[in-house]
Amino acid sequence: MKVSRSISIVVLLFVLSLPPSFLVRISAVRAAEGTVVEVLPNSVTAGVGQSFVINVTVVNVQNLNGLDVTVNWNSTVLQLTMVDVRLGYADTDGVLYNSSVTSSPYIAINSTQDGLYEIAGTSEAPAPSFNGTGNIVQLTLKVIDSGNSTFGLGSELYDYPPPERMPR
């Protein structure tokens, strides 16, 4: 099973009266019911020079064994300052299980570019599938200038098909 979702998050900028203060407000549009990949919180207000954290979260997933997620934004307004990957932390707040105490999920892509972040990873056997809700990654962003920005969120989720399912 491959599930793809796209979500847009609009960053709106409000300019207040004296003294000048620039704020960024982030609002999320939720996709369909069932399994969803979303950005939480769905509303944030931050001024120029301030930072905030967003979680890219998968909700109500079953049999998750791999994922590929991209997040993009207007890099003239927001700057990525920290990435906290939550793959392999399914016992706390993350997703995907480690296959053993000394091994973690395989991360094929963990890439940051100007205005773009992508992560792709998979559990390694004999790790069980992940079921439920958890954070894929936490991103810390800093407001660097006034203006408008849209967060784009794309995701592909992969299960591990049982041997009896054809085609594998």
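None of the values given here were measured: they were computed from a predicted structure.

Novice: Is there a simple way to explain the packing of aromatic side chains in this structure?
Specialist: Within a pair of aromatic rings, the relevant descriptors are the distance that separates the centres and the angle that separates the planes. One pass over the full model with this rule turns up 2 aromatic pairs. Ring plane angle 45 degrees and centroid distance 6.1 Å describe the contact between tyrosine 97 and phenylalanine 130, whose orientation is recorded as tilted. One end of the pair, tyrosine 97, is in the loop between strand E6 (78–85) and strand E7 (106–113); the other, phenylalanine 130, is in strand E9 (residues 130–143), and 33 residues separate them in sequence. Residue classification places phenylalanine 130 among the buried positions, given a relative accessible area of 3%. Positioned above the aromatic ring of tyrosine 89 is the side chain of arginine 86, whose terminal nitrogen or guanidinium carbon lies 4.4 Å from the ring centre.

Novice: I would appreciate a short explanation of the side chain of threonine 140 in the present structure.
Specialist: In this fold, threonine 140 is placed in strand E9. A relative accessible area of 13% means that threonine 140 is categorised as buried. Not counting residues within four places of it along the chain, the set of residues in contact with threonine 140 comprises Ser51, Phe52, Val53, Gln79, Leu80, Thr81 and Met82.

Novice: Help me understand the environment of leucine 96, please; the structure alone is not making it clear to me.
Specialist: Position of leucine 96 among the secondary structure elements: in the loop between E6 and E7. The buried category is assigned to leucine 96, whose relative accessible area is 0%. The sequence separation of leucine 96 and isoleucine 136 amounts to 40 residues, and the corresponding C-alpha distance is 8.8 Å. When sequence neighbours within four positions are dropped, the list of residues in contact with leucine 96 reads Leu64, Asn65, Gly66, Leu87, Gly88, Tyr89, Ala90, Pro105, Gly121, Thr122, Ser123 and Phe130.

Novice: Any chance you could explain the nonpolar core here in plain terms?
Specialist: The nonpolar side chains of a soluble globular protein tend to be buried with one another. The biggest cluster of nonpolar side chains holds 33 residues, and the ones touching the most others in it are Leu64, Leu67, Val95, Ile136 and Leu141. Taken together, the elements giving at least two residues each to this core come down to strand E3 (36–40), strand E4 (43–47), strand E5 (51–72), E6, strand E8 (116–122), E9 and strand E10 (149–159). The element best represented in this core is E5, accounting for 9 residues. Dropping the residues within four chain positions of it, leucine 67 is found in contact with Leu87, Val95, Ile119, Ala120, Gly121, Ile136, Glu156, Leu157 and Tyr158.

Rules behind the numbers
- Residues numbered from 1 in each chain as written.
- Predicted model: local features only at pLDDT ≥ 70, side-chain atom pairs only at ≥ 80, totals over all residues.
- Heavy atoms only, no water.
- Phe/Tyr/Trp six-rings, centres within 6.5 Å; stacked < 30°, edge-to-face > 60°.
- Helix = DSSP H or I, 4+ residues; strand = E, 2+ residues; numbered from the N terminus.
- Buried < 20%, exposed > 50% of the residue type's maximum accessible area, 1.4 Å probe, protein only.
- Lys NZ or Arg CZ within 6 Å of the ring centre and 35° of its normal.
- Contact = heavy atoms within 4.5 Å.
- Core = buried A, V, L, I, M, F, W, Y, C linked by side-chain atoms within 4.5 Å.

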